[in-house]
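Here are the chains, one letter per residue:
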Amino acid sequence: MNYDLETIIAADAAQIPLYAKRDIALVRGEGSYLFDSTGKRYLDAMSNYGVASLGHAHPAFTAALTDQLGKLTTAHQSFYNDARSMFLEEIARIAPKGVGRSFLSNSGTEAIEAALKFARTATGRSGIVAAKRGYHGRTLGALAATAEKKYREPFEGILGQAVTHVGFNDLEALEAAVSAETAAIMLEPVQGEGGIHLADLEWLQRARDLADTFGAILIFDEVQSGFRTGAPFYSAANGVVPDILVTAKAIANGLPVGVTLVTDAISDGVPGGAHGSTFGGNSLIARGGAETLRIMREDDLYANAAGVGAYVMAKIEALESNRIRAVRGTGLMFGIELKMKAGPMLKALQDRGVLALMAGTLVLRFLPPMIWTEQQADELVAALADVLNG
Ligand SMILES: Cc1ncc(COP(=O)(O)O)c(C=O)c1O
């Protein structure tokens, strides 16, 4: 296949224009680097919205998938399957104690939908308490819990969930919002789309206590924060365990996977046939997920994310730029809040050969592959020094 940029753009025009485009076509990757259709190389500081956790064309991952492709691509959940069982065994190694039953789907938003349905079946209630600035996805249930008006307003009438949004880290607002009508409290322990904000552990623990007091289900959305903050899950690593833990993105190195982990009690209360997915847990994707988790575990990419993350954040904090308002994050999930719009900086970084993301209008967001070393961190810092002081 040898498409030039013009051909690629012309064919892409057949899509509904939902995304602001970035004017380059990514055609190849190698480790922590991506290449466009002209052969230009970029440092990958975003892993395509936090998914390519092992970087690109990882040899062991590629070999496992190639092997699986030659055996079996799909096996519906009504059959047992060896690749799916391998994936489930790897998930069991990282699931917080007591939250080990899973539903496998194909995206973060689907994993959230499942969580909302399971919270309803467990409680018989429908009220949701979520956080301002929170992001949970674009399907209707997940969208109801997402805070940003621009995503919600066009669909307000059909969302069908009673959702109260409370200030992030606001203890009093959380206490006031949770009641005997609450089916679920759903929070991101580290907000991603909202601008890289870490929850106070006291606030997460209060959510745990309130859920217990009122018989509500505590859902932590670790779709974005999963795997890259120095541990499989930020919440459990910090001592707060939910009733439902939702993850996706980095778990399968770019393959579409959502995982909704629940307690035995919630699982036992879900009526058979109450939920399902044709593609969820299929053998190809499950093999990819199993291999990703195996590599993360054996290469201790969790410790690597913590170490390289601390290293790069310290270097960014040391940058002398009057354009920086704050540096926030943990592990390889970090952001720079600017005193100016982030869009032009994102473009300048891209031109300089670094691909990053934004969160809102003011924050430059970084979700690099978990295989980053200090060399890639230094390359990012050098590029930031240029564009922020340029
Ligand atoms: C915290 C969080 N939840 C849910 C989602 C939705 O995931 P997906 O885009 O895979 O549907 C995202 C996506 O960015 C997310 O960051």
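Worth saying up front: this structure is predicted, and the values here are computed from it rather than measured.

A.B. asks: Where do I start with the overall build of the protein in this structure?
C.D. replies: Of the regular secondary structure elements, the protein holds 15 helices and 17 strands. In terms of overall size, the protein behaves like a compact globule, its C-alpha atoms giving a radius of gyration of 21 Å where 390 residues would be expected to give roughly 21 Å. When the backbone C-alpha atoms are referred to their principal axes, the protein occupies close to 55 × 55 × 40 Å. Buried positions account for 49% of the 390 residues belonging to the protein.

A.B. asks: Looking at this structure, I do not really get the site of the ligand. What am I missing?
C.D. replies: Near the ligand, the surroundings consist of 14 residues, among which Gly 108, Thr 109, Gly 137, Val 223 and Gln 224 are the closest. Split into classes, the residues belonging to the shell around the ligand amount to four nonpolar, seven polar and three charged.

A.B. asks: So what exactly am I meant to see when it comes to the domain arrangement of the protein here?
C.D. replies: Interface size is often expressed as the accessible area that is lost when the parts come together. Per the domain assignment, the segments making up the protein are domain 1 (5–58 + 300–389) and domain 2 (72–298). Between domain 1 and domain 2, the C-alpha centre-to-centre distance is 26 Å. Listed per partner, the contact involves 27 residues of domain 1 and 23 residues of domain 2. Among the secondary structure elements, those contributing two or more residues to the side of domain 1 that touches domain 2 are helix H2 (47–50), helix H13 (301–317), strand S13 (324–330), strand S14 (333–338) and strand S17 (363–366). With five residues, the top contributor of residues to the side of domain 1 that touches domain 2 is H13.

A.B. asks: What's the story with the nonpolar core in this structure? I'm lost.
C.D. replies: The nonpolar side chains of soluble globular proteins are, as a tendency, buried together. The biggest cluster of nonpolar side chains holds 120 residues, and the ones touching the most others in it are Ile 185, Ile 219 and Ile 244. The element contributing the most residues to this core is helix H5 (residues 108–123), with eight residues. Among the domains, domain 1 (5–58 + 300–389) and domain 2 (72–298) are the pair contributing at least three residues each to this core. Apart from residues lying up to four places away in sequence, Ile 185 is in contact with Val 129, Val 178, Ala 207, Leu 210, Ala 211, Ala 216, Leu 218 and Ile 219.

A.B. asks: Would you take a moment to explain the sheet that holds S13 for this structure?
C.D. replies: Sheet strands pair by backbone hydrogen bonding; their relative direction is either parallel or antiparallel. Overall, antiparallel pairing links the four strands, which are arranged S13-S14-S17-S16 in an open sheet. The two strands at the open ends of the sheet, each matched to only one other strand, are S13 and strand S16 (357–359). Taking the axes of each pair of neighbouring strands and ignoring which way they run, one obtains an average angle of 25° across the sheet. In terms of strand pairing, S16 meets S17 through three bridges, oriented antiparallel. Bridged to Ala 359 within S17 is Val 363. With respect to the sheet, H13 is in contact with S13 and S14, its orientation differing from that of S13 by roughly 170°.

A.B. asks: Just checking my understanding: could you explain the pairing of strand S7 (residues 182–187) for this structure?
C.D. replies: A regular strand places its side chains on the two faces of the sheet in alternate fashion. Where burial is concerned, most of S7 is hidden: six out of the six residues are buried. Note: S7 against strand S10 (residues 217–221), four bridges, orientation parallel. Bridge pairing in S10 links Leu 187 to Phe 220.

A.B. asks: Even after reading the chapter, I still don't get helix H4 (residues 82–94), so can you show me in this structure?
C.D. replies: One turn of the α-helix equals 3.6 residues, which is why residues spaced by three or four share an orientation. Taking 1.5 Å of rise per residue, the 13 residues of H4 would be expected to cover 18 Å, and the 19 Å separating its terminal C-alpha atoms lies within 8% of that figure. The set of residues buried in H4 consists of Ala 83, Arg 84, Met 86, Phe 87, Leu 88, Glu 90, Ile 91 and Ile 94. On its buried side, H4 packs onto helix H3 (59–69), strand S4 (101–105), strand S12 (258–262) and helix H12 (283–298).

A.B. asks: Is there a simple way to think about the environment of Lys 149 in this case?
C.D. replies: Examined against the element boundaries, Lys 149 turns out to sit in helix H7 (residues 149–152). By the C-beta count within 10 Å, which is 9 here, Lys 149 ends up exposed.

Thresholds applied
Residues numbered from 1 in each chain as written. Predicted model: local features only at pLDDT ≥ 70, side-chain atom pairs only at ≥ 80, totals over all residues. Helix = DSSP H or I, 4+ residues; strand = E, 2+ residues; numbered from the N terminus. Rg over C-alpha atoms; globule rule 2.2 N^0.38 Å. Buried ≥ 20, exposed ≤ 12 C-beta atoms within 10 Å, placed from the backbone. Near = placed C-beta within 6 Å. Nonpolar A, V, L, I, M, F, W, Y, C, P; charged D, E, K, R; others polar. Domains from an automatic or database assignment. Contact = placed C-beta atoms within 7 Å. Core = buried A, V, L, I, M, F, W, Y, C linked by C-beta atoms within 7 Å. Pairing = 2+ DSSP bridges. Axes fitted to C-alpha atoms, helices over the stretch in contact; angles between N-to-C directions. Expected span 1.5 Å × (residues − 1).

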